[in-house]
Amino acid sequence: MADLSTQYLGLKLKNPVIVGSSGMTGTVAGVVHAAENGAGAVVLKSIFEEQILHEMDSYLSETEKDNGNSFQKGYKSVLNEREYDYEEAYSYLADHAKDLTLRKFLSFVSEAKKAVDIPVIASINCTTAYDWHYFARKIEEAGADALELNVYVLPSNTTKNSAENEKVYFDIVKAVLEQVKIPVSLKMGYYFSGLATTAIELSKTGISGLVLFNRPFHPDIDINKMETHAKYLLSDPTEYSHVLRWMALLSGRVGCPLVATTGIHTGETAIKQLLAGATAIEVVSAIYKHGYPVISEIINDISKWMDEKGYKSIDDFRGKMNQQSIANPAEFERVQFMRLYSEIV
Ligand SMILES: Cc1cc2nc3c(=O)[nH]c(=O)nc-3n(C[C@H](O)[C@H](O)[C@H](O)COP(=O)(O)O)c2cc1C
């Protein structure tokens, strides 16, 4: 039988199928289900910067009530204003609230780690370089094997140029890497004017992996209720191709391993991403739709295909179909099909 093991984040994974950060890995029971169904590793549900700020805000509002609004003077909502210029007492309380949220998360990390014998990767969702260096160190102390930074900058701020938006990624990575010894990967967005060069530059920062890509929730409008709502929370099985293109283009060019996420629902799409150069793949929506057993189905399909093709290890075929390896490299860069479009009437 083929050897499916792979090396990622300095860890030996028994196979390349990682359960991605989500509600599926948001409880110890979920992490255990993932391990029982054969996952190579898990990325825990992220702790969110907004979540910490929100809880700080609620906690501080409560405390203000209890203290007859004695902290009201000079106070601005943390969540809305991101104002860090507090009075000393306020700053103390904010730290306390932050620690409470973090403590809950840290005990989850250490319980998850104790419950399974596969690598446990903690995840933090950051939008600024705010305090993450401190949180990251605490997560390392809680026993996480590695850390996945989930960063998504939607370049919608009309007062910021692309260099300023990109800098956020570099600032966060730098702040975290200075503090932790465990390997760190970055789950990045794709809104860059120079996606390939930014990915290459990020891969040189000292991170141990790039996860392609963060999948944003898309807003929609209900035309009857005149309300907005999030749509397509779960991916569908055709969505893998955007990542496949970039996997094939970046594989062999970036200085760190690449991991694919989005739209991987079957062994077939997992194999495609490995052929395009992925070191591992992350699966989420397929588990929401079909349950944890889909993990072992994907693993079995990869194994069966490897046996059929005579591949003994993942390295035997990883990247075999990336842009640098195929006969016609233009295939992955083609974005318009003149003949195809002109023939469709
Ligand atoms: C309900 C749900 C919750 C998620 N929570 C997180 C999260 O906390 N952190 C994170 O980095 N990604 C989160 N994701 C994104 C997934 O990790 C993954 O990148 C995305 O769903 C694409 O993979 P898929 O096509 O296999 O679903 C979440 C996705 C879903 C559907």
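The structure presented is a predicted model; accordingly, all values stated were derived computationally and were not measured.

The rules we used
Residues numbered from 1 in each chain as written. Predicted model: local features only at pLDDT ≥ 70, side-chain atom pairs only at ≥ 80, totals over all residues. Heavy atoms only, no water. Buried < 20%, exposed > 50% of the residue type's maximum accessible area, 1.4 Å probe, protein only. Helix = DSSP H or I, 4+ residues; strand = E, 2+ residues; numbered from the N terminus. Contact = heavy atoms within 4.5 Å. Patch = residues over 30% accessible without salt bridge, like charges linked within 9 Å, V, L, I, M, F, W, Y side chains within 5 Å. Areas by Shrake-Rupley, 256 points an atom, 1.4 Å probe, with all protein chains shown as cover. Salt bridge = Lys/Arg side-chain N within 4 Å of Asp/Glu carboxyl O. Pairing = 2+ DSSP bridges. Near = heavy atom within 4 Å. Polar contact = N/O pair within 3.5 Å; in protein donor to acceptor, adjacent residues only side chain to side chain. Nonpolar A, V, L, I, M, F, W, Y, C, P; charged D, E, K, R; others polar.

**As for helix α9 (residues 267-276)**
Spacing of three or four residues puts side chains on the same side of an α-helix, whose turn is 3.6 residues. Burial of α9 is extensive: 8 of the 10 residues sit out of reach of the surface. Restricting attention to buried positions, one finds in α9 the residues Gly267, Thr269, Ala270, Ile271, Gln273, Leu274, Leu275 and Ala276. Tucked inside the fold, the buried residues of α9 contact α8 (240-250), β12 (258-261), β13 (280-283) and α11 (293-309). After α9 finishes, the residue Gly277 shows a positive phi value of roughly 125°.

**A closer look at a nonpolar patch on the surface**
A cluster of nonpolar side chains, contributed by Phe217, Leu233, Leu234 and Tyr288, occupies part of the molecular surface with about 390 Å² of accessible area. For Phe217, the position within the fold is in the loop between β9 (209-212) and β10 (218-222). The exposure class assigned to Phe217 is exposed, which follows from its relative accessible area of 53%.

**Quick look at the pairing of strand β11 (residues 227-231)**
The pairing of β10 with β11 spans 5 bridges and is classified as antiparallel. Residue pairing in the sheet places Asp222 in a bridge with Glu227 of β11. Hairpin connection from β10 to β11: 4 residues lie between these consecutive antiparallel strands, with Met226 at a positive phi of about 55°.

**Let's talk about the site of the ligand**
Near the ligand you find 18 residues, and of these Ser21, Ser46, Asn150, Ser235 and Ser285 are the closest. At a separation of 2.5 Å, an oxygen atom of the ligand approaches a polar side-chain atom of Ser285. The fraction of the free accessible surface of the ligand (600 Å²) that becomes covered by protein chains is 91%. Looking at the shell around the ligand residue by residue, the class counts come to 6 nonpolar, 9 polar and 3 charged.

**Looking at the pattern of salt bridges**
Going through the model one piece at a time under the given rule, you end up with 9 salt bridges. The residue Lys138 makes a salt bridge to Glu141 at a minimum N-O spacing of 3.9 Å. Within this pair, Lys138 and its partner Glu141 are both found in helix α5 (residues 132-141), separated by 3 residues, close to a single helical turn. Between Glu268 and Lys272 there is a salt bridge, with the nearest N and O atoms lying 3.7 Å from each other. With Glu268 and Lys272 both in helix α9 and 4 residues apart, the pair spans about one turn of that helix. Owing to a relative accessible area of 27%, Lys272 belongs among the partly exposed residues under this scheme.

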